[in-house]
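One-letter residues, chain by chain:
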Amino acid sequence: MKDKTIIITTLNQAWTEPHSNSLFDIFLESFRIGEGTRKLLNHLVVVSLDPKAHAQCKYKHPHCFAINTSSFDLPSSEENALTPHYIELMWIRIHLLTSILEMGYNFVFSLFGSRAVNFGSTAEADYFPQMFTNRRVTKSVLAYQGADVVWLRNPFPHFYPDADFQILSDRFIGSSRNLKNSANAGFKYVKSNKRTIELYKFWYESKKNHPGLNDQDVLNKIKFDPYIKNIGITIRFLDTAYFSGFCETCALGLEKVYGVASQAEITSTILEWTPQMQLGYLYLASFPTVSSAGPSNFYDDFEITWGHGAKIHDNGKVLTLNLDKSGGSGFQSKKEYLFGKIDMRIKLVPGYSAGTVTAYYLSSKGANWDEIDFEFLGNVTGEPYTLHTNVFSQGNGDRERQFHLWFDPTTDFHTYSILWNPKRVIFYADDVPIREFKNLEYIGIPFPKNQPMRIYSSLWNADSWATQGGRIKIDWKYAPFTASYSNFTADACIWAFGASSCDTNSPYSNSNSKTKVWLRHELDIAKKRKMRWVEKNHMVYDYCKDHKRFPHGPPLECSVDNN
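Quick caveat: nothing in here was measured; it's all calculated off a predicted structure. (Residues numbered from 1 in each chain as written. Predicted model: local features only at pLDDT ≥ 70, side-chain atom pairs only at ≥ 80, totals over all residues. Heavy atoms only, no water.)

A. Quick peek at the overall build of the protein. For the protein, the count of helices and strands is twelve helices and 23 strands. In the protein, buried positions account for 57% of the 563 residues. The contacts in the protein between residues at least 6 apart in sequence include a share of 71% that link residues at least 24 apart. Put simply, the protein shows about 23800 Å² of open surface, and 51% of that area lies on carbon and sulfur atoms. (Helix = DSSP H or I, 4+ residues; strand = E, 2+ residues; numbered from the N terminus. Buried < 20%, exposed > 50% of the residue type's maximum accessible area, 1.4 Å probe, protein only. Contact = heavy atoms within 4.5 Å. Areas by Shrake-Rupley, 256 points an atom, 1.4 Å probe, with all protein chains shown as cover.)

Right, here's the structure in full:
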């Protein structure tokens, strides 16, 4: 990883006892046997809070740093966790993290239950960042958490790449950008830049205006302050579907492991937890794999980005977009992907839908963007929708093919799929291939293979062109227009912080790319026959055959069998 990211966990004596088979041993062992986590172990930095913990850490792990907490009594229970003494330790921690940001380090910071990271004095907090310049530390520290959590899966893809400051939420209310989420300062990922440094300084100074409050309570007050908006910082809250604490079942599991007699038994016991983790019993340690075993939850995988008419229903199983006179609406995926098999079930606007466009597509950013498009162009009542497809590579599109579907897309949900691998893009409707765009780079045709893309969808007014070339306009007496979505699945390579989860050499890998059949997929004879049938009976426009548009001959890829 090119940027400097330090991810820190803390350790005290209690978690290093007994000398062998302690919870700290179990914590380290989970990295060795977990799914895609072994390579993360070398990126783990442990901050020891007492001399005995530090001695044990140095014996078992290469990246250990000691903090002198002798001048403060570490709280032993929740009863004294909010005393003035302990609150001051929390503010010293904010001062420390400010210093780390000023040094140019990003960090992920996680508390350690009631025994959190505590520092003895402001002077010690000032000294702490010097340790990162005096010792060799791997810049990409990708694993975090206290030693009371085992790691059986890689959580890295679930961070938001675009956020300056992202933090755990006690009560996640559906949108990661909503400041009404209740911040939990026990876990946060912060990038080093001018905005975050200003935030931390303002946060620290704000304790004067809120005497007796801890850092978390003050943050929940100042997050609405106009100054936060003025510095331009992007704050996002982590979804509790992925980031949360232990449940009672998991705590019992820890007690079971504590005191086991051998390393083999530790490994065996951790492996016994795997079925529970697949059921979501362990939150922080049990992120889903790249492949979706079944339909996802819209709260987990998407966020509504614009418009007042978008809503998530049925506990996250259904999402709807609305369009009325005040405007349309849209959403996007929380993750970026670089290749995958993407499925979405969509029920389009019924009845009179002329002038509306329901767009469902993959797209990257920038002037030379890549894009893979489904666009559903509405029509008057009784006339068919037009399914418009296009492929952009390096900012160049104009590769439209359009279809009239062989079913009514408004009476029920139908599945629309994009299979995207390094060799081809295939569009599907209800598992029937309708179009294939092959990689023809060998004849100079750009192909979308280097830029990660998000999934986007929107419902909007396009009556200047969408229906019969713009001759038929939207009739607002039929508003609101509504499109519905369900059963999203993505068997795909997640792209995060410059690496793909399908790259086995990546420290973020949490899947074996050899199991991704779609990475090498091509249409067999039966599927090609189905696609020819669609082209013959349902394709209504092909840019390769538009001689008026291309009087000097069609684009180069049309001269090659691009099916």
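Once the structure has been displayed, the description carries forward.
B. Spotlight on the pairing of strand S21 (residues 481-496). Of all the 16 residues making up S21, twelve are buried; the element is thus mostly covered by neighbouring parts of the structure. Relative to S21, strand S12 (residues 336-347) runs antiparallel, the two being bridged by nine bridges. Counterpart to isoleucine 346 in the pairing with S21 is tyrosine 485. (Pairing = 2+ DSSP bridges.)

C. Representation of the environment of isoleucine 235. Examined against the element boundaries, isoleucine 235 turns out to sit in strand S7 (residues 235-238). Each C-alpha atom of the pair isoleucine 235 and valine 190 lies 9.5 Å from the other, and the pair is 45 residues apart in sequence. Apart from the residues within four sequence positions on either side, isoleucine 235 is in contact with Phe165, Ser176, Arg177, Leu179 and Ile228.

D. Looking closely at the sheet that holds strand S2 (residues 45-48). In space, the seven strands of this open sheet follow the order S3-S2-S1-S4-S6-S5-S7, with mixed pairing throughout. Two strands lie at the open edges of the sheet, namely strand S3 (64-66) and S7, each paired on one side alone. With strand direction ignored, the average angle separating the axes of adjacent strands in the sheet is 30°. Sheet analysis places strand S5 (residues 165-169) next to strand S6 (residues 183-190), joined by five bridges and oriented antiparallel. Each bridged residue has a counterpart across the sheet, and for phenylalanine 165 the counterpart in S6 is valine 190. Of the strands in this sheet, strand S4 (106-110), S5 and S6 touch helix H6 (residues 194-205), which is tilted by about 150° from S6. Running over the sheet, helix H7 (residues 215-222) touches S5 and S6 and is turned about 80° from S6. (Axes fitted to C-alpha atoms, helices over the stretch in contact; angles between N-to-C directions.)

E. View of the state of the cysteines. Applying the stated criterion across every chain, the model contains three disulfides. Paired by a disulfide, cysteine 493 and cysteine 502 hold their sulfur atoms 2.1 Å apart. Between cysteine 493 and cysteine 502 the sulfur-sulfur dihedral comes to about -95°; the bridge is accordingly left-handed. The two residues cysteine 493 and cysteine 502 agree in class, both being buried. (Disulfide = S-S within 2.5 Å.)

F. Looking closely at unusual backbone geometry. For the bond from alanine 479 to proline 480, the omega torsion is 0°, close enough to zero to count as cis. One can find proline 480 in the loop between strand S20 (454-461) and S21. If you check the backbone angles, asparagine 315 has positive phi at about 55° while not being a glycine. In this structure asparagine 315 comes out as exposed when scored by relative accessible area, which is 65%. The phi dihedral of aspartate 398 falls on the positive side, at around 55°, and the residue is not glycine.

G. Inspection of the nonpolar core at higher detail. Judged by nonpolar contacts, the single largest core of 60 residues is most densely connected at Met344, Phe374, Tyr416, Trp420, Tyr485 and Phe488. In terms of nonpolar packing, the next biggest core, distinct from the first, is built from 33 residues, Leu49, Ala183, Phe202 and Leu219 among them. (Core = buried A, V, L, I, M, F, W, Y, C linked by side-chain atoms within 4.5 Å.)

H. View of the environment of tyrosine 200. With respect to the element layout, tyrosine 200 can be found in helix H6. With a relative accessible area of 0%, tyrosine 200 lands in the buried category. Once residues lying within four places of it in the same chain are set aside, the contact partners of tyrosine 200 are Ile94, Leu97, Thr98, Leu101, Phe107, Phe165, Lys188 and Val190.

I. Fine view of H6. Look at H6: 17 Å from first C-alpha to last across twelve residues, which is about the 16 Å you get at 1.5 Å a residue. Burial in H6 covers these residues: Thr196, Ile197, Leu199, Tyr200, Phe202 and Trp203. At the N-terminal boundary of H6, the capping side chain belongs to asparagine 193, with an oxygen 3.0 Å from the backbone nitrogen of arginine 195. (Expected span 1.5 Å × (residues − 1). Polar contact = N/O pair within 3.5 Å; in protein donor to acceptor, adjacent residues only side chain to side chain.)

J. Structural detail: the pairing of strand S15 (residues 386-392). Taking burial as the measure, the seven residues of S15 include seven buried ones, the bulk of the element. Here S15 shows no split at all, with Thr386, His388, Asn390 and Phe392 on one side and Leu387, Thr389 and Val391 on the other all buried. In the sheet, strand S14 (residues 371-377) pairs with S15 via seven bridges, with the strands oriented antiparallel. Paired with isoleucine 372 across the two strands is valine 391, which belongs to S15. Two strands pair when backbone bridges link them, and S15 and strand S16 (residues 401-403) are joined in this way by three bridges, in the antiparallel orientation. Opposite leucine 387, over in S16, you have phenylalanine 403 as the bridge partner.

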